[in-house]
Structures are given as C-alpha cells and as structure tokens.
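Here are the chains, one letter per residue:
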Amino acid sequence: MSERELVLRSTRVVTPEGTRAASVTVQDGKIVAVLPHDAAVPAGVRVEDFGDDVLLPGLVDTHVHVNDPGRTEWEGFWTATRAAAAGGITTLVDMPLNSLPPTTDTANLDIKREVARSKAHIDVGFWGGAIPGNVKDLRPLHEAGVFGFKCFLSPSGVDEFPQVDQEQLAAALGEIAAFDGLLIVHAEDPGHLDAAPEAHGPKYADFLASRPRVSENDAIAGLIDLARKLDARVHVLHLSSAEALPLIAAARADGVKITVETCPHFLTLTAEEVPDGATEFKCCPPIREAGNQDALWQGLADGTIDCIVSDHSPSTTDLKTPDFGTAWGGISSLQLGLPAIWTAARERGHGLEDVVRWMSAAPARLVGLGAKGAIAPGRDADFAVLAPEETFTVDPADLQHRNKITAYAGRTLHGVVRSTWLRGRKINDGTALAEPTGELLERPRA
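Residues numbered from 1 in each chain as written. Predicted model: local features only at pLDDT ≥ 70, side-chain atom pairs only at ≥ 80, totals over all residues. Heavy atoms only, no water.

(A) Molecular detail of the overall build of the chain. For the chain, the count of helices and strands is 12 helices and 17 strands. Taken over the C-alpha trace, the chain has a radius of gyration of 21 Å; the compact-globule value for 446 residues is 22 Å, and the two agree within 12%. The C-alpha extent of the chain, read off along each of the three principal axes, is 70 × 45 × 45 Å. Considering the chain as a whole, with its 446 residues, one finds that 60% of them fall into the buried category. Counting 41 positive and 62 negative side-chain charges, the chain places the centres of these two groups 4 Å from one another. (Helix = DSSP H or I, 4+ residues; strand = E, 2+ residues; numbered from the N terminus. Rg over C-alpha atoms; globule rule 2.2 N^0.38 Å. Buried < 20%, exposed > 50% of the residue type's maximum accessible area, 1.4 Å probe, protein only. Lys, Arg positive; Asp, Glu negative; His and termini not counted. Charge placed at Lys NZ, Arg CZ, Asp CG, Glu CD.)

Now the structure itself:
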C-alpha cells in the first residue's frame, strides 16, 4: 500500500455520470476508484471527509496571460498560479504574448519554461504564437509540445506580437492544418475597428462604440470560411458578440472544425453597469449589454459555446487610467471565475454539473488533456472543494494575483473554495497555499 493513498469523501461528488455521494480513492496522484460513500476504508489509509461540501474536478483554464518573463511587474508564474490555486484551478495554459520574449519560437519557449519551472503552484502548459514571418517556427513549436497557436486579426496591444493579415493567416493556418494543430484566434476585424469612433474619455458607452459587434461577427465569418477551405481546426477566443453564435452553429453543423469560448466577465458583467472611469472593466472585445449576455448564456445552454475561461489579462495599476481610450484592456479574474460563474449560473437554473462541463471538462478536451477535467478512475487526482451555498464579498486585498485590481470588487458571490488538490496533495486549504508542486505540461503525443 502506498503511503500516499487516501480517500476523499463527500455527500456531493460531481462525476461524469452525475452528482452523488461517493468516496474517491487516490493513489500516487491518480484517481483509482469512485466508490459508494460508505465504502470500507483499509486500515492506515487517510480519509478526508468534506461532509456536504462539493467535490469538483480541478478547473482547467486555457486562457491566462502570465506575462512572465519580461513584464513580471504585471504578473508572474508565482502569483498567477497562486491565484489559480486559490480559485480551484489546477491547470492553466499560458498565452504566448505579454511576456518578453513572446512564445513565437522554440528558444523563447525554452526561456518561458525555465522561468515557470520553480514557480508553478499548479500544472502549466503553453500556447505558441502565430505572427507575421514565423510560419517556419510553427511545426518546431508543435513538436516541442505547445498546445496550439494564437494569432490576432487586429492589433494585440504590444508591438512584439503583431497581428496577421488575411494572407498571413492563410499561410499560418495552412501550415498548422498540415500537422493537425489548433489555431486559436482573437477575432476582431481591423477594418471595422478603424472605421468605428475612436475610444476616448471616461464614458464606457464611447469605448463600447469603438469595438462594434460587426467586427467580431465578420472576423469569425472569415475564419469559418478559411477553416472550411483548409479543413483546419480553429478556436474562437473570448466570444463577446452573441450575434456570431448562429454563424458558429451553422458552420459546426456543416462539418467545420470550430470551437468557441467565452469568459466570466461577459457572462456576469454588463455594459449598463460600468461606472464612468472604471477601466477595470475594459477588455477587448468588450463587455456588452444585458440582452447580449442573455444570448451568450443561451449559447452555453445549447452547446454552441464550448467552454468558459478567464482571459486573465492583468496590468499594473498605473496602466488602468480613467480614460477608456488609453487604459490597458484586460480583466483580472483568475481567482474569482468559479464563484462568479456559479453565482450567475444558479440564478439562471444551471447546476454545478454544467459549471464543471464548461470550466473543467471542455477546456481539458480542447487541449487534449485526457488526464484532466473529470473525477473518474485513471484521471489525475486534481480537485476543488466548494461550499456552494456560502457567500463572500470580494475584497481586492484578498486576491493572490500581483496587482490587486478587479472588476468584481465589492460584489457578493456564492461559492467559497474550501481547498484545492493537485495530484492528491492539498495545495490550498482556504487560508494558506503550499509551496509549488505544479508540473510543466506538453501537448499529448498521438
């Protein structure tokens, strides 16, 4: 018997077959069995009984800007992974930009991995970047284990990660399709953005007018056409415009290999409630109106939207000026995604099984992490323990990410994360975080 064998027990365990009372047996970091709640426990095996608190699979967040190295005053692997662990996330995949250097070739990937190795409180994987001129680097990055490639169709906000035009997009996607890789796309059409009113001043309505829905809709339509032509796998990042949902649903029905994500801020915050000068709410694409939010929830309910991920995009406080034209665009929510989504989901009649599907199982499936995303035999023993009926009020001082800025400040949310477990080890007990034990992940080989 391994000395690391233990049993985690709860009256509410969320499994792929539903929620039930169960005892989950763990050995050497893996789930061995999911047994009846009253199953006998061998002598000497440690039991952790969570009572009526809910045992969930650890969340998987495939859209996180860690910014390390190079912009570590914005964020870093130490702080980002602590925030994730505090929020019930056990795996994240780091975006290729906002770090210096960006992850656009294998040498830069090696630098990022070396920086992350000793700082990761949870498991960490990496996206590669597709930018003008690096088509030759895409296959080596794929072979080095990145989970796919991100590109921008409009300016990214940082000079070292330029957008691709349509010719460059086709070249990159053609290469990626040749090795059955995945292209993930920030889909806003630059022509529509250029034609829109320029963002300026403290009024959120003026900023919203600068990022019209048609920019997303047309960019996604063009991406669908190219993916169909090249028989390529594509993923739409941070969907904001619900008007694009019929396009995506029709393309998928037609056999186009397209998936889509949205984010907690689009599902829980609305344009109507943003105060003047409150640029902690600024992101691109933007938070839209309440009616649009309702349609995004419908897209989740009917399966058009696959998953919910954070798009945690932090910055230093000074970059969040009160002017929506000049402030950095990004929302910091890594630690709060689970309670924010659960608070809204329960009000709309969804259960924790839905939340697990959107925030754990689907993101794990997107990047091919078959060991993550479910409480089932053979999976990694990654868990979050949640008190779903309890509430708390968001105090920025309690957040683990580096710069204590959040659009959720002062909000009362349902769902307190009691503890987080990585491969059968408790890494967050609700009050303190353990030393880093996360591993660096690579794309599974066929």
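(B) Local environment of the sheet that holds strand β8 (residues 123-126). Spatial strand order, β6-β7-β8: 3 strands in an open sheet with parallel pairing. One side of each edge strand has no neighbouring strand; the edge strands of this open sheet are β6 (59-64) and β8. Ignoring strand direction, the axes of neighbouring strands in this sheet form an average angle of 20°. Bridge analysis of strand β7 (residues 89-94) against β8 gives 4 bridges, and the strand direction is parallel. Looking at the pairing, valine 93 lines up with glycine 125 of β8. (Pairing = 2+ DSSP bridges. Axes fitted to C-alpha atoms, helices over the stretch in contact; angles between N-to-C directions.)

(C) Structural context of the nonpolar core. Among the nonpolar cores identified, the biggest contains 98 residues, and Phe149, Leu183 and Leu239 are the most heavily contacted of them. The residues contacting phenylalanine 149, other than those within four sequence positions of it, are Trp127, Gly128, Gly129, Ala130, Leu138, Leu141, His142, Ile176, Phe179, Leu182, Leu183 and Ile184. With 20 residues, the next largest nonpolar core counts Trp74, Phe161, Trp328 and Leu441 among its residues. (Core = buried A, V, L, I, M, F, W, Y, C linked by side-chain atoms within 4.5 Å. Contact = heavy atoms within 4.5 Å.)

(D) Fine view of the sheet that holds strand β13 (residues 258-262). Spatially, the 6 strands line up as an open sheet ordered β9-β10-β11-β12-β13-β14, and their pairing is parallel. Looking along the sheet, the strands with just one partner apiece sit at the ends: β9 (128-129) and β14 (307-308). As judged from the 2 bridges shared by β9 and strand β10 (residues 149-152), these two strands associate in the parallel manner. Its bridge partner being in β10, glycine 129 is matched across the sheet by lysine 150.

(E) The packing of aromatic side chains, seen in detail. Throughout the structure, instances matching the rule amount to 9 aromatic pairs. Consider the rings of phenylalanine 77 and phenylalanine 126, whose centres lie 6.2 Å apart with planes at 70°: the pair is edge-to-face. With a gap of 49 residues between them, phenylalanine 77 in helix α1 (residues 77-86) and phenylalanine 126 in strand β8 connect regions that are remote in the sequence. Judged on exposure class, the residue phenylalanine 77 and its partner phenylalanine 126 are both buried. Aromatic rings pair up to connect Tyr204, Phe207 and Phe324 into one cluster. Taking the ring centre of tryptophan 74 as reference, the NZ or CZ of arginine 71 above it sits at 5.3 Å. (Phe/Tyr/Trp six-rings, centres within 6.5 Å; stacked < 30°, edge-to-face > 60°. Lys NZ or Arg CZ within 6 Å of the ring centre and 35° of its normal.)

(F) Examining the pattern of salt bridges more closely. By the definition in use, this model includes 31 salt bridges. The residue lysine 372 makes a salt bridge to aspartate 123 at a minimum N-O spacing of 2.6 Å. On the criterion of sequence distance, the pair formed by lysine 372 in the loop between α12 (352-366) and β15 (383-393) and aspartate 123 in strand β8 is long-range, its members being 249 residues apart. Taken together, the shared-partner salt bridges connect Lys30, Asp123, Lys372, Asp380, Asp382, Arg423 and Glu439 into one network. (Salt bridge = Lys/Arg side-chain N within 4 Å of Asp/Glu carboxyl O.)

(G) How the structure looks around the packing of helix α3 (residues 135-143) against helix α4 (residues 166-178). Where α3 meets α4, the axes come as close as 9 Å, and the angle between the chain directions of the two elements is 30°. It follows from the interaxial angle that α3 and α4 lie roughly parallel. You can see that α3 and α4 cross each other, and the crossing is right-handed. Of the residues in α4, those touching α3 at Val135, Leu138 and Arg139 are Ala171, Ala172, Glu175, Ile176 and Ala178. Its residues assigned to classes, the contact of α3 with α4 comprises 6 nonpolar, no polar and 2 charged. (Parallel < 35°, antiparallel > 145°, perpendicular 65-115°, else oblique. Left-handed = near helix turned anticlockwise from the far one by under 90°. Nonpolar A, V, L, I, M, F, W, Y, C, P; charged D, E, K, R; others polar.)

(H) Here's a closer look at the environment of leucine 182. With respect to the secondary-structure elements, leucine 182 resides in strand β11 (residues 182-186). Considered as a pair, leucine 182 and alanine 232 are 50 residues apart in the sequence and their alpha carbons are 7.7 Å apart. What leucine 182 contacts, discounting residues up to four positions off in sequence, is Trp127, Phe147, Gly148, Phe149, Ile176, Arg233, Val234, His235 and Leu366.

(I) Inspection of α3 at higher detail. Within α3 the residues assigned to the buried category are Asp137, Leu138, Leu141 and His142. The buried side chains of α3 occupy one side of the element, clustering within an arc of 140° when seen end-on. Opposite the buried face of α3, by more than 90 degrees, sit the exposed residues Lys136 and Glu143. If you follow the buried residues of α3, they end up packed against α2 (106-116), β9, β10 and α4. (Arc of directions from axis to C-beta.)

(J) Region of the structure containing the packing of helix α11 (residues 337-347) against α12. In contact at an axis separation of 10 Å, α11 and α12 are set at 135° when each is read in the N-to-C sense. Classified by the angle between their axes, α11 and α12 sit oblique to one another. The handedness of the crossing between α11 and α12 is right-handed. Contacts between α11 and α12 involve Gly337, Leu338, Ile341, Trp342 and Ala345 from the first element and Leu352, Val355 and Met359 from the second. Considering only residue class, the contact of α11 with α12 consists of 7 nonpolar, 1 polar and no charged.

(K) Just helix α8 (residues 245-253), in detail. Within α8, the full set of buried residues consists of Leu245, Ile248 and Ala251. Buried residues of α8, seen end-on, are gathered within an arc of 130° and therefore sit on one face of the element. Opposite the packed face of α8, turned more than 90 degrees from it, sit the exposed residues Pro246 and Ala253. Of the residues one or two after α8, glycine 255 is the one with positive phi, at around 95°.

Read these as layout, nothing more, since geometry by itself doesn't imply function.
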